[in-house]
Amino acid sequence: SWLISACKRSATPVVVDSKSSVPAIFAGVTSVTPNMSEARALTGLQADNEGDLNIMGSVLLDMFKSDSVVVTRSEHGMTVFTIDNEPLHLAAYATEVHDVTGAGDTVSAVLSLGLATGMSLADAARLANAAAAVVVRKVGTATPSRKEIIELIDNNA
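Residues numbered from 1 in each chain as written. Predicted model: local features only at pLDDT ≥ 70, side-chain atom pairs only at ≥ 80, totals over all residues. Heavy atoms only, no water.

> Is there a simple way to explain the packing of helix 2 (residues 36-43) against helix 3 (residues 50-64) in this structure?
Working note: a packed helix pair is described by the angle between its axes plus the distance between those axes. Remark: helix 2 packs on helix 3, axes separated minimally by 10 Å, with the N-to-C direction vectors making an angle of 70°. Classified by the angle between their axes, helix 2 and helix 3 sit roughly perpendicular to one another. Mapping the contact onto sequence places Met36, Ala39, Arg40, Leu42 and Thr43 in helix 2 and Leu53, Met56, Val59, Leu60, Met63 and Phe64 in helix 3. Across the contact of helix 2 with helix 3, the residue classes break down as nine nonpolar, one polar and one charged. (Axes fitted to C-alpha atoms, helices over the stretch in contact; angles between N-to-C directions. Helix = DSSP H or I, 4+ residues; strand = E, 2+ residues; numbered from the N terminus. Parallel < 35°, antiparallel > 145°, perpendicular 65-115°, else oblique. Contact = heavy atoms within 4.5 Å. Nonpolar A, V, L, I, M, F, W, Y, C, P; charged D, E, K, R; others polar.)

> Got a minute to help me understand the packing of aromatic side chains in this structure?
Aromatic ring pairs are described here by two measures, namely the spacing of the ring centres and the angle between the planes. In total, this model carries one aromatic pair according to the counting rule given. Measuring from centroid to centroid gives 6.4 Å for Phe26 and Phe64, while their planes differ by 35°, and the two rings are tilted. Placement of Phe26 in the loop between strand 1 (15-16) and strand 2 (31-32) and of Phe64 in helix 3 is noted, with a sequence separation of 38 residues between them. (Phe/Tyr/Trp six-rings, centres within 6.5 Å; stacked < 30°, edge-to-face > 60°.)

> Even after reading the chapter, I still don't get the environment of Glu50, so can you show me in this structure?
Relative to the helices and strands, Glu50 is located in helix 3. Linking Glu50 and His89, residues 39 residues apart in sequence, is a C-alpha distance of 9.6 Å.

> How should I be thinking about the pairing of strand 3 (residues 68-72) in this particular structure?
The side chains of a regular strand alternate between the sheet's two faces. Most of strand 3 sits inside the fold, with five of its five residues counted as buried. Every second residue of strand 3 is oriented toward a common face, with Ser68, Val70 and Thr72 on one face and Val69 and Val71 on the other, all of them buried. When strand 2 meets strand 3, the two strands line up parallel, connected through two bridges. Each residue of the ladder has a partner; that of Val32, found in strand 3, is Val69. Note: strand 3 against strand 4 (residues 78-82), five bridges, orientation antiparallel. By the bridge assignment for strand 4, Thr72 is matched with Met78. (Buried < 20%, exposed > 50% of the residue type's maximum accessible area, 1.4 Å probe, protein only. Pairing = 2+ DSSP bridges.)

> Just to check I follow, could you spell out unusual backbone geometry for this structure?
A negative phi holds for most residues other than glycine; trans holds for most peptide bonds. The phi torsion at Ala11 lies on the positive side, around 60°, for a residue other than glycine. Examined against the element boundaries, Ala11 turns out to sit in the loop between helix 1 (2-9) and strand 1. Judged by its relative accessible area of 68%, Ala11 is exposed. The backbone phi angle of Lys65 is positive, close to 50°, even though this residue is not glycine. Mapped onto the elements, Lys65 comes out in the loop between helix 3 and strand 3. Here Lys65 falls in the partly exposed class, since its relative accessible area comes to 49%.

Structure representation (structure tokens):
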């Protein structure tokens, strides 16, 4: 909690890819990035439709006491939840998936990078979504290059 407070005082974003069953320890973070299976386990909700997904997002925001929650949803993309805005659903990029290893870590890292450079949450999430799409095209643990992300976005604009 002292680290989260120190980061808030210095306007440094804190993004957590939490696998914790005790979400309260992350109270006050900028964003939490659970995947759908983690979100289901935390909330006990299946969220098989958009209405239930939106309820899940509200529950997660309350559980984590975070500014936002970004639920990664595999082939369904990701959904960004905040207290003040409607959920932002980002479709997955149509891509050939070779290996999902590290996709969630990529989302957390690129979301952090975007926020740290002053991007809006929505734009940072869009960038993270594209970066994850690049990573799943590769086999094994991989990283996306700037060039690969730009090409993916440009080819899907």
